[in-house]
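Chains, contacts and geometry: an overview
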Amino acid sequence: MGCENIEFDQGWGEMEKGIEKLKRILAGEKETPFTSREYMTLYTTIYNMCNQKAPHDYSEQLYDKYKKTLDEYITSIVLPSLKDKHDEFMLRELVERWLNHKIMVKWLTRFFHYLDRYFIIQKSVPALNEVGTTCFLNLVYEDVHPTIQDIVLSLIDKEREGDQIDRALLKNALEIFVEMGLGQMNRYQDDFEARFLQETTNYYSRKASKWIEEDSCPDYLLKSEECLKKEVDRVSSYLHSSSETKLIKKVQHELLVVYVNQLLEKEDSGIKVLFRDDKVDDLSRTYRVYNKISQGLDLVANVFKQHVTIEGTAFVQQAEEATSNQASNTPGGHEQVLVKNILELHDNYMTYLNSCFQNHNLFQKALKEAFEVFCNKTVNGSPSAEILASFADHILRKGGSEKLSDEVIEETLEKVVKLLQYVIDKDVFAEFYRKKLARRLLFDRGTNDDHERSILSKLKQQFGAPLTSKMEGMVTDVVLAKEHQSSFQEYLRNNPDVHPGLDFTVTVLTTGFWPSYKWFDLSLPSEMVKCVKVFKGFYETKTKHRKLTWKFSLGTSHINGKFEPKPIELIVSTHQAAVLLLFNASERLSYSEIVAQLNLAHDDLIRLLHSLSCAKYKILNKEPSSKSISQSDSFKFNPNFTDKMRRIKVPLPPVDERKKVIEDVDKDRPYAIDAAIVRIMKSRKVITHQQLISETIEQLSRMFKPNIKAIKKRIEDLITRDYIERDRDNSHMFRYLA
């Protein structure tokens, strides 16, 4: 062409040839593809027409022609092709026409590329690609999108009802909505998604109202889970990914939230029935579907908590009724059954917690709160802490009545410690347990030291050293006491002139570790006085700094009873032995004579004499003969007493220790509160009244739940004792006095 200007008509004539060829290619006619030479000729034509000096720079006219070319193509070819088509056929035609339109825009953009590089930037007008999309948007999309929306929604509805549809076609159709937004999602959202979500809501609302009437809870959940899976699959197959969250939320709401209470509380198939019938898969599904809903698990966890509470409370009521009706010769049996039932219940629901509910903290909390309800109830006056301590005692005494293996004992003790976490007054448990531990260590020869140390280790790990320190001291004491006894025996062998005259065993204990026992100022018989004197002599060789205090109430004596039918060995307490030995010197003794000789309180003596003359074994005859002891009675040795056994243990009437234990705990609590307050004040130095109370409660909650009034009282006491002071300017603020 040389340096001559190209006239517009001449140049455009060249371009029209290329455009007509492109139309034939798109129409599917026999036409060879564009060669590189043809492409370069068309590109160069535009280039030259845009680079001529004014008035021959035709950039603006070419830009207008580009748009008009597309408009004419749409008006003459695309729109007529869509007019006669309906339903899926119209959708196919639209998808095909949009695909062709994009190809046409692509080629024209390449031919007119020079405009994109310079003219568009200089004039700040839309790029060629955008113009191409806008042409289709204004002339085709605006006209057909309501119809297309109807067709697409109809196909989705068919698919939901089980029909096969062309998913690829649907995906391509929905991409048109996205592409018409020119980088924004407004067309897809306004012209398709909004109505699609509403239709989805309507569809699942209809389904849910039908299924909730017809289906069991498991079947309903199974259908819901399937529907949710299908909707997720629908998104990945043809919907835009941005729809997933909104779509799933709508489906979840209609299927799982609207009818949640009706569903989970279905009488014949709800959550309670699933627990009852051990439907692990169905419970897991319940967790899965509700875990995906905001606060959905709260509803399930609440039903779970109610169910566990009802089951556990029923066990407590059964024990209460059984204990009220039980025969007097089986004390504590129903309480043992109660703990076994609760341990089994805990095992079951821990299994559900882990296998069905993924150990989710909401269900952990629900289980804890449920167990706290019934694990803090009393059974006929026995607090749960006492019942649990009695159960542990029963197991530790040679494996209980079932003679359990070492492995089962260990496993059971582990479960008891876990159950204790739900008991509020752990210090009450500790005191009851300490009393029972003392009996096992002092009187039960079959005590297994490994098991004793094992449960103390578990308790210490779970609740801290303050709970177990005294008990650990008791176990150590018994080991040391055996060493003392060995030394005593060696002392006797080396000093034959100080022999006590009886087989005599002493257990030396540390006062601070052991429970407090009632003090009896007993005047011992001469035989026993000699024993005590000999041991004192031995102990003084060991230490001068410790004082021995004799607890005769804990002693046991073996006495040979020379009865006329046959001799019988009597295993009695030291006090019972002291009473019986009086009858070696006297044939008959009055109540007042026995009091004078033994120096015992009336209540204690009445108990002793009752055990020897009114109970199962009548070793003494009482005059007058009756079932109660009077201060006017007299007593005589019964030479005719006999029993089929050659050795018998003469029990003392049981003493209700519960009141004493509770009193001891109540005495200790103020010291624990004081210690907690001082610890907090030491670390904080300055603290508000409210903070001090809440931190004190938090610190002590591992052992017991302190009363706020009690904490306030202890604060006042510590102020008077100059541990802390009130701030002069703010009475609600405390300072630590170092």
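Now for a description of the structure that goes with this document. Residue numbers restart at each chain and count upward from 1, following the sequence in its written direction. With pLDDT at 70 or above as the cut-off, local features in this predicted model cover only qualifying residues; side-chain atom pairs require 80 or more to be listed or tallied, and sums for whole chains, interfaces and linings still use all residues. Water and hydrogen atoms were dropped before computing side-chain values, which therefore reflect all heavy atoms in the structure.

Notes on empty space enclosed by the protein
- For cavity detection a 1 Å grid was placed over the protein atoms alone, and a set of points counts as a cavity when a 1.4 Å probe fits there but cannot get out; an open set counts as a pocket when protein lies on both sides within 12 Å along at least five of seven lines, with lining residues being those that have an atom within 4 Å of a point. Grid points are joined across faces, edges and corners, and a volume is the space filled by probe spheres set on the points. According to the stated counting rule, one finds two cavities of 30 Å³ or more in the structure shown.
- By volume, the largest cavity amounts to about 130 Å³.
- Taken together, 13 residues form the lining of the largest cavity, with V339, I342, C375, S384 and I387 sitting closest to its centre.
- By definition, any uninterrupted DSSP run of H or I lasting at least four residues is a helix, any uninterrupted run of E lasting at least two residues is a strand, and each is numbered from the N terminus. When contributions to the lining of the largest cavity are tallied by element, the ones reaching two or more residues are α15 (333–355) and α17 (384–396).
- Of the residues contributing to the lining of the largest cavity, the split by class is eleven nonpolar, one polar and one charged.
- Computed from the structure, the second largest cavity encloses a volume of approximately 50 Å³.
- Looking at the second largest cavity, the residues that line it are L94, F136, Y141, V144, H145, I148, A173, I176 and F177.
- Going through the elements one at a time, α6 (128–160) and α7 (167–179) are the ones with two or more residues in the lining of the second largest cavity. Each residue is assigned to one class: nonpolar for Ala, Val, Leu, Ile, Met, Phe, Trp, Tyr, Cys and Pro, charged for Asp, Glu, Lys and Arg, and polar for all the others, Gly among them.

Digging into the side chain of D727
- Positionally, D727 belongs in the loop between β8 (724–726) and β9 (733–736).
- Here the term buried applies to any residue with accessible area under 20% of the maximum for its type, exposed to any over 50%, and partly exposed to those in between, with areas from a 1.4 Å probe on protein chains only. Judged by relative accessible area, D727 falls into the buried class, the value being 13%.
- For D727, the side chain forms a polar contact with the main-chain nitrogen of N730, separated by 3.1 Å.
- Of note is the side chain of D727, whose polar atom sits 2.7 Å from the side chain of R735.
- We call two residues in contact whenever any of their non-hydrogen atoms come within 4.5 Å of each other. Apart from residues no more than four positions distant in its own chain, D727 is found in contact with M733 and R735. The term polar contact refers here to a pair of N or O atoms within 3.5 Å; inside protein, the definition further demands a hydrogen-donor-capable atom paired with an acceptor-capable atom, and it admits residues adjacent in sequence only when both atoms are side-chain atoms.

Observations regarding the nonpolar core
- Counting residues in hydrophobic clusters, the biggest one holds 176 residues, and the most contacted among them are L62, F112, F192, Y290, F371 and Y433.
- A per-element tally of this core places α6 first, with 14 residues.
- Setting aside residues up to four positions removed in sequence, Y433 forms contacts with A389, A392, L396, R440, E452, I455, L456 and M471.
- Ranked by size, the runner-up nonpolar core spans 47 residues in total, among them F488, V532, Y539 and I568. We call a set of buried residues a nonpolar core when its members are Ala, Val, Leu, Ile, Met, Phe, Trp, Tyr or Cys and they connect through side-chain atoms within 4.5 Å of each other.

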